[in-house]
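These are the residues of each chain, in order.
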Amino acid sequence: MAGRAPERPPNVTLRRWAREQARLRAGVVAEDTELWQQDSSLTGLERVGGLDLSYPKGDGSRACASLVVLSFPALEVLYEDCRMVAVSTPYVPGFLAFREVPFLVEAVQRLEQEKPELKPQVLLVDGNGLLHPRGFGVACHLGVLTDLPCIGVAKNLLQVDGLVRDELHREQVHSLQRGGDTFPLTGASGTVLGMVLRSCNKSSKPLYVSVGHRVCLETAVRLVTSCCRYRIPEPIRQADIRSREYIRKQLCSPLEAVSSGPARKEEAEQDD
């Protein structure tokens, strides 16, 4: 029987979450900190992590948290960890991290304890980083708590700081002709919040790349592009595939899994 999704928290909780985001945001480093980031070919980067949560269809009370580590540049899976978790925090736009990041941090910590030699040098997560209403999306939250370089990769545009999916935006997306083509997301404030990327020749649908922690935007885009065999970068794609497959095996049903959460799939892709 499907579990009931947690109810929306009171405003006092949302204000507390906003204060926590502001506190943690002070720890974000939006520039390169690693030697491998200094080389245009990313020499020295050997392990890239990808994380995802998938939910049983119609059930917002439990999920499968998945962490995979891929070799780089071969993009072969070196490690995977999938676990069912009880979700007690509701999804609220702008606060996705409080629902999902604790489980992702635990997955990284398990890896550090059990297989430290496979610790990823950078994390890719389905969501946004600095491209966020308060400049602290799930990629920033995860990066600061793990103190690992982290990159946000979203499938839809989060409309903040005057960014809108209007005709001009659609024309700019249409101008991306080849894999690796980009244009910046510049808000009304004049701040570049992220980059729109055509990740491969096979798909004209773009990705929205933003800084999470300990990486600059240029390096983030270069790495995401290097990880794309298809539209979605392989670390995130493999984490998603394996989390949904884990749910199917647990529930013995081929149709009982959806990625990124029940009833908030499109919202979250535009959000956090």
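As shown above, the structure is provided for reference.
Note that the structure is predicted; figures quoted are calculated from it, not measured.

Draft legend 1. The overall build of the chain, seen in detail. A tally of regular secondary structure across the chain gives seven helices and nine strands. For 272 residues, the compact-globule estimate of 2.2 N^0.38 gives 19 Å, and the chain sits close to it at 18 Å. A principal-axis box enclosing the C-alpha atoms of the chain has dimensions of 45 × 40 × 35 Å. Put simply, the chain has 272 residues, and 56% of those count as buried. Restricting the contact set of the chain to residue pairs at least 6 apart, pairs at least 24 apart contribute 69%. Carbon together with sulfur atoms contributes 49% to the accessible area of the chain, which is approximately 12,100 Å² in total. Charged side chains in the chain number 34 positive and 34 negative. The centres of these two groups are separated by 4 Å.

Draft legend 2. Expanded view of the packing of aromatic side chains. Per the stated rule, a full pass over the model turns up three aromatic pairs. Look at W17 and F95: their rings are 5.6 Å apart centre to centre, the planes differ by 50 degrees, and that puts the pair in the tilted class. Taken together, the positions of W17 in helix α1 (residues 11-25) and F95 in the loop between β3 (77-86) and α2 (96-114) put the pair 78 residues apart, joining distant regions of the chain. Each of the two residues, W17 as well as F95, counts as buried. Ring geometry for F95 versus F98: centroids 6.2 Å apart, planes at 50 degrees, classification tilted. We classify F95 as buried; its relative accessible area is 7%.

Draft legend 3. Up close: the packing of α2 against helix α3 (residues 138-146). Between α2 and α3, whose axes approach to 10 Å, the crossing angle comes to 40 degrees. For α2 against α3, the interelement crossing comes out right-handed. Residues A97, F98, V101, L104, V105 and V108 of α2 pack against V138, H141, L142, L145 and T146 of α3. Taken together, the residues that form the contact of α2 with α3 break down as nine nonpolar, two polar and no charged.

Draft legend 4. Highlighting α1. Counted at 1.5 Å a residue, the expected span for α1 with its 15 residues is 21 Å, and the 21 Å between its end C-alpha atoms agrees. The set of residues buried in α1 consists of T13, L14, W17, Q21 and L24. Viewed along the axis of α1, the buried residues span an arc of 100 degrees, placing them on a single side of the element. Turned more than 90 degrees from where α1 packs its buried face, N11, R19, A22 and R23 sit exposed.

Draft legend 5. Representation of the pairing of strand β6 (residues 182-186). Pairing between β6 and strand β7 (residues 192-197): five bridges, direction antiparallel. Within the sheet, the bridge partner assigned to P184 lies in β7 and is M195. Hairpin connection of β6 to β7: five residues between the antiparallel strands, including G190 at a positive phi of 90 degrees.

Draft legend 6. Summary view of the nonpolar core. Formed by 33 residues in total, the largest nonpolar core has its most connected members in L45, V48, F72, L124, I151, L223 and V224. Contributions of two or more residues to this core are made by β2 (62-71), β4 (122-126), α3, β5 (150-154), β7, β8 (207-213), α5 (217-226) and α6 (234-251). Apart from the residues lying within four places of it in its own chain, the contact partners of F72 are L42, L45, E46, R47, V48, L223, S226 and C227. Residues Y79, L142, L148 and C150 belong to the second largest nonpolar core, which totals 26 residues.

Draft legend 7. A look at the environment of P90. With respect to the helices, strands and loops of the structure, P90 is situated in the loop between β3 and α2. A relative accessible area of 7% places P90 in the buried class.

Draft legend 8. Spatial organisation of the pattern of salt bridges. This structure, assessed with the given rule, holds 17 salt bridges. The shortest N-O distance in the salt bridge between R62 and D59 comes to 2.6 Å. On the accessibility criterion, R62 (30% relative accessible area) is partly exposed. Judged by relative accessible area, which is 2%, D59 ranks as buried.

Parameters at a glance
- Residues numbered from 1 in each chain as written.
- Predicted model: local features only at pLDDT ≥ 70, side-chain atom pairs only at ≥ 80, totals over all residues.
- Heavy atoms only, no water.
- Helix = DSSP H or I, 4+ residues; strand = E, 2+ residues; numbered from the N terminus.
- Rg over C-alpha atoms; globule rule 2.2 N^0.38 Å.
- Buried < 20%, exposed > 50% of the residue type's maximum accessible area, 1.4 Å probe, protein only.
- Contact = heavy atoms within 4.5 Å.
- Areas by Shrake-Rupley, 256 points an atom, 1.4 Å probe, with all protein chains shown as cover.
- Lys, Arg positive; Asp, Glu negative; His and termini not counted.
- Charge placed at Lys NZ, Arg CZ, Asp CG, Glu CD.
- Phe/Tyr/Trp six-rings, centres within 6.5 Å; stacked < 30°, edge-to-face > 60°.
- Axes fitted to C-alpha atoms, helices over the stretch in contact; angles between N-to-C directions.
- Left-handed = near helix turned anticlockwise from the far one by under 90°.
- Nonpolar A, V, L, I, M, F, W, Y, C, P; charged D, E, K, R; others polar.
- Expected span 1.5 Å × (residues − 1).
- Arc of directions from axis to C-beta.
- Pairing = 2+ DSSP bridges.
- Core = buried A, V, L, I, M, F, W, Y, C linked by side-chain atoms within 4.5 Å.
- Salt bridge = Lys/Arg side-chain N within 4 Å of Asp/Glu carboxyl O.

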